[in-house]
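Per-entry structural report
Each chain, written out:
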Amino acid sequence: MTMHVKTLKPLGLTLAMAVAVTALPAAQQTASQQGTVFRATTNYVSTDVLVHDKDGKFIPDLTAKDFTVYEDGVPQAITNFVRVVGGRALGGLTAAGTAPAATEGLILPPSRPSTDASGRIFIIFIDDLHIEASQTPQMKQLLQTVRDTLVHDNDLVGIVSTGTSAIEIDPAYDFGHRRFNEAIAKVMGSAATANDIIQDAFMEGASGPTGLRYNAHVAFSTAYDMLSELGKIADRRKSFIYLSNGYSFNPYQDARFKSIQKQYEDLGMTGMGQVDGDEGDPNNQSDGSVADSTNVHPQSTLSPYDALADPDYRRRTEFAESDLDHELAELVAAARRANTAFYAIDPHGLRAGTDISLNQPVAYSDIRDTNMTQISSLRVLSDETGGFCICETNDFKSGLQRIDNETSDYYIIGYSPSNPDPLRFKRTIKIDVDRPDVARLDYRETYLMPRPKKAKK
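Reading the values: rules and limits
Residues numbered from 1 in each chain as written. Predicted model: local features only at pLDDT ≥ 70, side-chain atom pairs only at ≥ 80, totals over all residues. Heavy atoms only, no water. Phe/Tyr/Trp six-rings, centres within 6.5 Å; stacked < 30°, edge-to-face > 60°. Helix = DSSP H or I, 4+ residues; strand = E, 2+ residues; numbered from the N terminus. Buried < 20%, exposed > 50% of the residue type's maximum accessible area, 1.4 Å probe, protein only. Lys NZ or Arg CZ within 6 Å of the ring centre and 35° of its normal. Disulfide = S-S within 2.5 Å. pLDDT = per-residue confidence, 0-100. Contact = heavy atoms within 4.5 Å. Pairing = 2+ DSSP bridges. Axes fitted to C-alpha atoms, helices over the stretch in contact; angles between N-to-C directions. Core = buried A, V, L, I, M, F, W, Y, C linked by side-chain atoms within 4.5 Å.

1. Focus: the packing of aromatic side chains
- On inspection of all chains with the given rule, the structure shows twelve aromatic pairs.
- Note on Phe125 and Phe240: the rings are 5.5 Å apart at their centroids and 40° apart in plane angle, and the pair reads as tilted. In this pair, Phe125 is assigned in strand E9 (residues 121-126) and Phe240 in strand E12 (residues 238-243), connecting sequence segments 115 residues apart. In this pair, the class of Phe125 matches that of Phe240, namely buried.
- Taken together, Phe58, Phe67, Phe81 and Tyr411 form an aromatic cluster joined through their ring pairs.
- When the ring centre of Tyr410 is taken as origin, the NZ or CZ atom of Arg237, which lies over that ring, is 5.3 Å away.
- For Arg402, the ring lying beneath its charged end belongs to Phe388, and the centroid distance is 3.8 Å.

2. Topic: the state of the cysteines
- If you walk through the whole model with that rule in mind, you get one disulfide.
- The partner cysteine of Cys389 in its disulfide is Cys391, sulfur to sulfur 1.6 Å. The two residues Cys389 and Cys391 agree in class, both being buried.

3. Regarding the confidence of the model for the protein chain
- Scored by pLDDT, the protein chain comes out at a mean of 77, with 71% of its residues at no less than 70.
- In this model residues 95-106 is a low-confidence stretch, pLDDT under 50, and it forms 22 contacts with partners more than four residues away in sequence or in other chains.
- Across residues 111-117 the pLDDT falls below 50, and counting only partners more than four positions away or on other chains, this stretch makes five contacts in the model.

4. Focus on the sheet that holds strand E10 (residues 156-161)
- A sheet is described by the order of its strands in space; here five strands give the open sequence E11-E10-E9-E12-E15, paired in mixed fashion. The sheet is open, and its two edges are formed by strand E11 (168-173) and strand E15 (340-345), each paired on a single side. When the angles between neighbouring strand axes are averaged without regard to direction, this sheet yields 15°.
- Examined bridge by bridge, E9 and E10 share six bridges and lie parallel to one another. Looking across to E10, one finds that Ile121 is bridged to Leu156.
- Contacting E9, E10, E12 and E15, helix H4 (residues 210-230) runs over the sheet at an angle of about 170° to E12.

5. Looking at the nonpolar core
- Among the nonpolar cores identified, the biggest contains 32 residues, and Phe220, Leu227, Phe240, Tyr242, Leu331 and Phe342 are the most heavily contacted of them.
- Broken down by secondary-structure element, the contributors of at least two residues to this core are E9, E10, H4, E12, helix H8 (320-337), E15 and helix H9 (364-383).
- Formed by 28 residues, the second largest nonpolar core is a distinct cluster that contains Ile169, Phe180, Ile345 and Leu400.

Listed below in structure tokens is the structure:
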């Protein structure tokens, strides 16, 4: 795994629940007269299905004949059925007794049997760019709980951090938790504190705190790259244990504004004129940042302090929430394509009252709004990918035990879609079980077909 920063390209995908779609290799034919490349493909769709009775317990004795799968309302032939109990696959990968359907005229080699279908795949994602240094002891203890409660010897475990901890461990079996213990020893939080964010407000960019946006982009890019690799793995349960305090592109909004005002006052800049960058100045080179606002028009009676009052300051940050939503939507879409569930954990635990380390005047409403945005970002990542968030609680162990249960007992159902329409990219899945004791089914209800790549001439 590599950890680096890259520019995310807009994917144009909505927040629809999805399952991984794996395109099988296809034959191609070239018409030499026209130089045109024709490509035929057949797709395989698989999804994990959790089946519970009225008491919430997993029902382990279902067979492929008990399930009916519909895609866009049309029944599908199940070509792959695996029952997983206790993290181990029971039965062959073609337990349904049929082979994947192929496109007419396309000859595919027989599927190679899996050499190892046991265990689960966990990515322990430590976003130390969004975990404060003061939380380091708490983070180490939380990781120990994850290690002892969730991870078993027959699980493939990969561990990566986003910042100063410099952890990069490829997925592998970790007998005795040796590599996990090495990672715990390296963990060190490096997030900016509330004091840092408020005090540095004077140096903000044109769209707010640039440092926070950059750090979030690093975290999302790192997770995005890992999901690209996970998407290549089919018929395995894949879980992203996402440890972070969450995200906000506009934290402590009122406190930051007051900090800017105070610093202008301390510099004796009130009454000096209007901020450069207003209309009518052909030589304006300002980028709109607070730091540029020291250039003023001497004829004006409006001070930088006044010019940065509510209307201007709010305008610079009004799109912060939508920008964050866009970043989260891209990460959620990548997780769905990789058929990977996110389980976010907030190391803060139960957030109550004011942070005693604050040495800045911050209103409770400011703290509340920031906390709500951070927690909401973690809930979106979890809820929209089939997992759940361990947030606003100090009982981490119960949540981890629930993750252990959800990732240990489930069914894998696969089929080759019968809908030949190549332009219908969004497909809807419905699964029924013909058993009276089944009370609830959990599975991803839609998926997005991979868009065809342009063939190289």
